[in-house]
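Architecture and fold: a report
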Amino acid sequence: MKYLIMCEGPNELEIIRLLLEHEQLIITEDDLLNLIPYHARQIGNNAAVKAALNLYHGDVHVLRIGDKLNDELKIPREYKGKIKDIKKYCTKPELEMLLILSENKDSDFEKVKSRISPKTFSKENVIYNRIRYNNNTVFYRDYYGERIDLLVDSIKRYKQFKGKHKKDELYLADLLK
């Protein structure tokens, strides 16, 4: 059995890569389909995911990671017997909440959250090594790459901070060791 990690965006993918590299997840790269996570919202329109599924002949469990997982994962007919489980790991309202928590700016954000998104707040308030957050994947690697404990702590704090997701949605914290 292998896991297929499908990340909604490149930033979610980078966070998962960092966690895998630092062995912070309950699964390892060896547990992954083709040894990597993917940037993909759906199976049918992603050639790399389809190729990996075609090469592997065992059961597959799908882990979807993103902030907007409203769309149902459509399983192409040829993979229906292979995909045994689908779990959603939600980063609502946005992945930038991790940066806000890492910077201990959650109380500042709470004051303005009704009129400003976490992404916009982060662009205005998060600076690392004299570089302002700009929704760039490289920023996440620079920010957390040598500070993986800060990332792990922020993921755990996010679960406490957020409260409840929908009943079929889990947290990134649920994937941590």
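The structure presented is a predicted model; accordingly, all values stated were derived computationally and were not measured.

1. Considerations on the pattern of salt bridges
Scanning all chains against the criterion turns up nine salt bridges. The salt bridge partner of Arg-141 is Glu-21, with a shortest N-O separation of 2.9 Å. Placement of the pair is Arg-141 in helix α6 (residues 137–144) and Glu-21 in helix α1 (residues 10–21), with a sequence separation of 120 residues. Judged by its relative accessible area of 43%, Glu-21 is partly exposed. Its salt-bridge partner being Lys-88, residue Asp-168 comes within 3.0 Å of it at the nearest N-O pair. Within this pair, whereas Asp-168 is found in the loop between α7 (148–162) and β7 (169–170), its partner Lys-88 is found in strand β4 (residues 83–90), the two being separated by 80 residues in sequence. Owing to a relative accessible area of 41%, Asp-168 belongs among the partly exposed residues under this scheme. On the basis of relative accessibility, which here comes to 16%, the residue Lys-88 falls in the buried class. A network of salt bridges, in which partner residues are shared, links Glu-14, Arg-17, Glu-21 and Arg-141.

2. Focus on the packing of aromatic side chains
Two aromatic rings, taken as a pair, are described by how far apart their centres are and by the angle between their planes. Enumeration according to the criterion identifies seven aromatic pairs in this entry. An angle of 75° between the planes, with centres 5.3 Å apart, marks the rings of Tyr-133 and Phe-139 as edge-to-face. Of the two residues, Tyr-133 and Phe-139, both sit in the buried class. Taken together, Tyr-128, Tyr-133, Phe-139, Tyr-140, Tyr-143 and Tyr-144 form an aromatic cluster joined through their ring pairs. Between the NZ or CZ atom of Arg-147 and the centre of the ring of Tyr-143, over which it lies, the distance is 4.4 Å.

Conventions and cut-offs
- Residues numbered from 1 in each chain as written.
- Predicted model: local features only at pLDDT ≥ 70, side-chain atom pairs only at ≥ 80, totals over all residues.
- Heavy atoms only, no water.
- Salt bridge = Lys/Arg side-chain N within 4 Å of Asp/Glu carboxyl O.
- Helix = DSSP H or I, 4+ residues; strand = E, 2+ residues; numbered from the N terminus.
- Buried < 20%, exposed > 50% of the residue type's maximum accessible area, 1.4 Å probe, protein only.
- Phe/Tyr/Trp six-rings, centres within 6.5 Å; stacked < 30°, edge-to-face > 60°.
- Lys NZ or Arg CZ within 6 Å of the ring centre and 35° of its normal.

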